[in-house]
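Reading the structure
The residues making up each chain are set out below.
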Amino acid sequence: MNSKESIMGLVAVGLSHKTAPVEIRERLTIPADQLAEALDRLSTMKELSESVILSTCNRVEIYARPRADRSRALAAARRFFQGLYQYPGLNEALYHFDAHSAVEHLFRVAAGLDSMVVGETEILGQVKSAYLTSQAHGSTGKITNVLFQRALFVGKQVRSKTFISEGASSVGSIAVQLAEKIFGPLNKHRILLLGAGEMAEVTARHLLSQKAGQIVILNRTFDRAAALAKQLNGVAGSMDRLEDELLLADIVICSTSADKPVLSKALVEPVMKVRRGRSLYFVDIAVPRNVDPAVNGIDNVYLYNIDDLKSLVEENMARRKGEVARAEALVTGLAAEFYEWIRATLEGKTKALRHKS
């Protein structure tokens, strides 16, 4: 590596569902309304420049340009994570990439190849949102701007050139698949959705496609629940109806943005006594978790969190093995091409990027 490249390379540090269980990920998730503050903290680290933070339910990652030395930049990024959550095993959960491998990792993320549900479509929008937020904050620069624009291009190319996103391609769709495994056809069952955000909407649409019998949507903001329920021919309510709806539901799918559990053992236990032995299933796809793990200790309650969906994810992965290989090859080629652009740019040369396949 020449000296200029060692100064101006790229680093990526983070953790994901592959390296950290949900009980760690939920403590490191950075809500959208706290992202500016986190970017401010990164900007105080003299070892880093041009930073972007990507925070989703299954990953928290920093992409940055070292100001001087890559090893110091990586150490600074690790300190940032330790500032979010003091945990003895945190270092073991963190991974890092630099130079070409950082480019390829981001492209794989945008393509849905590093997702829990391979080929998921939501991640591309999350990458775009992370980039635009960091750009608006003034945290990006020439290299990271083109890097993320290119990542979005790669994500779209993979989805248009392969069938990687066919079938169950979101956490919400996997949650519905789990419900079908438990109950069979859902047309005679009442399903309660907690939350009315993007993940809840994706889940609700899959429920509708599977002809779920009754869909009830409860949300802290009633208007949002009502708007979603209207689209899906469901029933809307505010969270003050929670106990009443728990008495009636067969399955509860949780995806609120609450930073603490909304369903505790103290809330659910009396409900189960009134239900008189009728089982209740919770599928908690939120990070941080919406359901206190202690709820699983109540008789006739069955709790699944986002990490419990992995066996279904692996089944879907096996069915799309050929498409994954095609997508990986496409990403590898585009990452190599882009890193040549970075190399040329840092050497003061001009190199064009293709915008068509």
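Just so you know, these numbers come straight off a predicted model, no measurement behind them.

Looking now at the nonpolar core. Nonpolar side chains in soluble globular proteins generally cluster together in the buried interior. If you look at the biggest cluster of nonpolar residues, it comprises 40 residues, and the most contacted ones within it are V103, F107, L113, L147, F148, F338 and I342. Only β2 (48-56), α6 (100-110), α7 (122-137), α8 (142-161) and α15 (321-346) provide two or more residues apiece to this core. The biggest single contributor to this core is α15, with 10 residues. Beyond its immediate sequence surroundings of up to four residues, I342 is in contact with L10, V103 and I143.

Moving on, we come to the sheet that holds strand β1 (residues 11-16). In space, the four strands of this open sheet follow the order β2-β3-β1-β4, with antiparallel pairing throughout. Strands with a single pairing partner mark the edges of an open sheet, and in this sheet they are β2 and β4 (95-98). The sheet shows a mean angle of 15° between the axes of neighbouring strands, taken without regard to direction. One ladder, built from four bridges, connects β1 with β4; its direction is antiparallel.

Attention now goes to the domain arrangement of the protein chain. It is common to give the size of an interface as the accessible area lost on bringing the parts into contact. We note that the domain assignment places domain 1 (3-161) and domain 2 (171-311) within the protein chain. Between the C-alpha centres of domain 1 and domain 2 there is a distance of 31 Å. Taken together, the contacts link 12 residues of domain 1 with 12 residues of domain 2. Across the domain 1/domain 2 interface, buried area totals approximately 1,200 Å², and carbon plus sulfur atoms make up 62% of it. Counting across the interface, domain 1 meets domain 2 through two salt bridges. For the salt bridge of R25 with D307, the shortest nitrogen-to-oxygen distance reads 2.9 Å. There are four residue pairs in polar contact (both at pLDDT 80 or more) connecting domain 1 and domain 2. Sorting elements by how many residues they give to the side of domain 1 that touches domain 2 places helix α2 (residues 22-28) first, with four residues. Grouping the amino acids of the side of domain 1 that touches domain 2 by side-chain chemistry returns five nonpolar, three polar and four charged.

Each aromatic ring pair is specified by the distance between its two centres and by the angle formed by the two planes. Within the structure shown, the criterion is met by nine aromatic pairs. Between the aromatic rings of Y63 and F148, the centroid separation amounts to 5.5 Å while the plane-to-plane angle is 85°, which identifies the pairing as edge-to-face. Of this pair, Y63 sits in strand β3 (residues 59-66) while F148 sits in helix α8, and the two are 85 residues apart along the sequence. With a centroid separation of 5.7 Å and 55° between ring planes, the pair formed by Y95 and F97 is classed as tilted. A relative accessible area of 24% places F97 in the partly exposed class. Ring-pair connections join several aromatic residues into one group, and the members of that group are Y63, Y131 and F148.

Looking now at the pairing of strand β9 (residues 280-284). With five of five residues buried, β9 lies mostly within the body of the structure. The two faces of β9 match: L280, F282 and D284 on one face and Y281 and V283 on the other face are all buried. Relative to β9, strand β8 (residues 251-254) runs parallel, the two being bridged by four bridges. Bridge pairing links I251 to Y281 in β9.

Rules used throughout
Within each chain, residues carry numbers counting from 1 in the order of the written sequence. Selection of residues for local features in this predicted model requires a pLDDT of at least 70, selection of side-chain atom pairs for listing and counting requires 80 or more, and totals for whole chains, interfaces and linings are taken over all residues. Processing note: side-chain calculations cover all non-hydrogen atoms of the structure and skip hydrogens and water entirely. In this text, buried Ala, Val, Leu, Ile, Met, Phe, Trp, Tyr and Cys residues form a nonpolar core when linked through side-chain atoms within 4.5 Å. Partly exposed residues are those whose accessible area sits between 20% and 50% of the maximum for their type, while under 20% is buried and over 50% is exposed, using a 1.4 Å probe and protein chains only. The way it works is that DSSP assigns letters per residue, a run of H or I at least four long becomes a helix, a run of E at least two long becomes a strand, and they are numbered from the N terminus. Note on definitions: a residue-residue contact is assigned when non-hydrogen atoms from the two residues lie within 4.5 Å. The criterion for strand pairing is that DSSP finds at least two bridges linking the strands in question. Angles shown run from 0 to 180 degrees and are taken between the N-to-C directions of axes, each axis being a line fitted to C-alpha atoms and, for helices, limited to the stretch in contact. The split of the chain into domains comes from an automatic or database domain assignment. Values labelled buried area give the accessible surface lost by two parts on being combined, using a 1.4 Å probe and summing over both. Basic side-chain nitrogens of Lys or Arg form a salt bridge, by our definition, when they fall within 4 Å of a carboxyl oxygen of Asp or Glu. Pairs of N or O atoms within 3.5 Å make up the polar contacts considered here, provided that, within protein, one atom can donate a hydrogen while the other can accept it, and that residues adjacent in sequence are counted only when both atoms are side-chain atoms. Amino acids outside the nonpolar list (Ala, Val, Leu, Ile, Met, Phe, Trp, Tyr, Cys, Pro) and the charged list (Asp, Glu, Lys, Arg) are all regarded as polar, and Gly is one of them. For Phe, Tyr and Trp, rings pair up if their centres lie within 6.5 Å, where Trp contributes its six-membered ring, and each pair is then called stacked (planes under 30 degrees apart), edge-to-face (over 60) or tilted (otherwise).

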